[in-house]
Amino acid sequence: MTQHIGTALVTGASSGIGAAYADQLAARGHDLILVARDKARLRAAAERLGREAGVTVEVMSADLTQPEDLASVRDRIATDAALSVLVNCAGLGPLGPALDSPASLYDGLLDLNVRALQTLSLAAAKAFGERGAGTVINVSSAVAIVPERFNAPYAASKAFVLALTQGLGAELAGKGVRFQAVLPGVTRTNFFDRTGADIGQIPSEMIMEASDLVAAALAGLDAGETVTIPSLPDLGDWQALEAARFRLGPNLSRSMPASRYGLG
């Protein structure tokens, strides 16, 4: 018999990484609230997961770039006392290099990747903080730390996700709320179909299956990681990067310019 352990709300749940999170969280015993635009796919997933995992699955059809839909999901997060996990998977990708993509694309990208994710993360942080328990999982991207290698606005939006997650995690430290940023590399989803890119042009050894990605991300969450890079073999590499970043701290704000500029 499935042990029910609270409700998880997953955005972008109709396909790809979001659908994989829905599958694996249901298997862990979470009831689900599935959020995406495609109501038919959500209903099919809800029926299957309810039957296979024995959990309760609710569907919320919402376009998170639309203020009314976003407010509806935000309010649900803020008021549902059974909610224990928020997974922000919904996102838009680029159509190619930054200057080759239509400028209008970036309005939707910012609305979904940044504004919607921040709105839902803040709602969950406040609700979970007041309750003293809860988990926020935000799907960022490996390009957040190597922006030179991908579409610049997309990489910047994912860097925002990483910084927001780390910042909120620090702000609520000790209050019973977990934050995790997941940084996937190339993942086999319909992301490439939507952007018109050919995943076949990418070496197979660089492509991870969504189910494997989510399994690794949840293992990282269980291990207490705030930042999880599922393909990274040596955690020490990330820890070294973080240590170097923190070493900059004492010198990031001083009363005078550094002597190396020769201004003193």
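I will try to describe carefully the structure that is included in this document.

Conventions used here
- Residues numbered from 1 in each chain as written.
- Predicted model: local features only at pLDDT ≥ 70, side-chain atom pairs only at ≥ 80, totals over all residues.
- Heavy atoms only, no water.
- Buried < 20%, exposed > 50% of the residue type's maximum accessible area, 1.4 Å probe, protein only.
- Helix = DSSP H or I, 4+ residues; strand = E, 2+ residues; numbered from the N terminus.
- Pairing = 2+ DSSP bridges.
- Expected span 1.5 Å × (residues − 1).
- Arc of directions from axis to C-beta.
- Contact = heavy atoms within 4.5 Å.
- Polar contact = N/O pair within 3.5 Å; in protein donor to acceptor, adjacent residues only side chain to side chain.
- Axes fitted to C-alpha atoms, helices over the stretch in contact; angles between N-to-C directions.
- Parallel < 35°, antiparallel > 145°, perpendicular 65-115°, else oblique.
- Left-handed = near helix turned anticlockwise from the far one by under 90°.
- Nonpolar A, V, L, I, M, F, W, Y, C, P; charged D, E, K, R; others polar.
- Phe/Tyr/Trp six-rings, centres within 6.5 Å; stacked < 30°, edge-to-face > 60°.
- Lys NZ or Arg CZ within 6 Å of the ring centre and 35° of its normal.

### A few points about the pairing of strand 6 (residues 177–182)
Of all 6 residues making up strand 6, 5 are buried, and the element is well covered by its neighbours. Both strand 5 (residues 134–139) and strand 6 contribute to a ladder of 6 bridges, which runs parallel. The residue of strand 6 that forms the bridge with Gly 134 is Val 177.

### Comments concerning helix 2 (residues 39–53)
In this model helix 2 runs 20 Å from its N-terminal to its C-terminal C-alpha over 15 residues, within 8% of the 21 Å that 1.5 Å per residue would give. Turning to helix 2, its buried residues number three or more, namely Leu 42, Ala 45, Ala 46, Leu 49 and Ala 53. The arc enclosing the buried residues of helix 2, seen along the axis, measures out at 105°, which places them on a common side. Every exposed residue of helix 2 that faces more than 90 degrees away from the buried side is listed here: Ala 40, Arg 43, Glu 47 and Arg 51. Structurally, helix 2 contributes buried residues whose contacts are with helix 1 (16–27), strand 2 (31–36) and strand 3 (57–61). Put simply, Asp 38 is the residue that caps the front of helix 2, since its side-chain oxygen is 3.3 Å from the backbone nitrogen of Ala 40. Count one or two residues on from helix 2 and you reach Gly 54, which has phi positive near 70°.

### A look at the packing of helix 3 (residues 67–79) against helix 4 (residues 103–131)
In contact at an axis separation of 8 Å, helix 3 and helix 4 are set at 15° when each is read in the N-to-C sense. Taken together, helix 3 and helix 4 sit at an angle that is classed as roughly parallel. When you trace helix 3 past helix 4, the crossing you get is right-handed. Between helix 3 and helix 4, the residues in contact are Leu 70, Val 73, Arg 74, Ile 77 and Ala 78 and Ala 116, Thr 119, Leu 120, Ala 123, Ala 124 and Ala 127, respectively. A class-by-class count of the residues in the contact of helix 3 with helix 4 yields 9 nonpolar, 1 polar and 1 charged.

### Description of the packing of aromatic side chains
The full count for this structure, using the stated rule, is 1 aromatic pair. On the numbers, 5.5 Å between centres and 65° between planes, the contact of Phe 150 with Tyr 154 is edge-to-face. A cation over an aromatic ring shows up here: Arg 245 above the ring of Phe 246, its NZ or CZ 4.7 Å from the ring centre.

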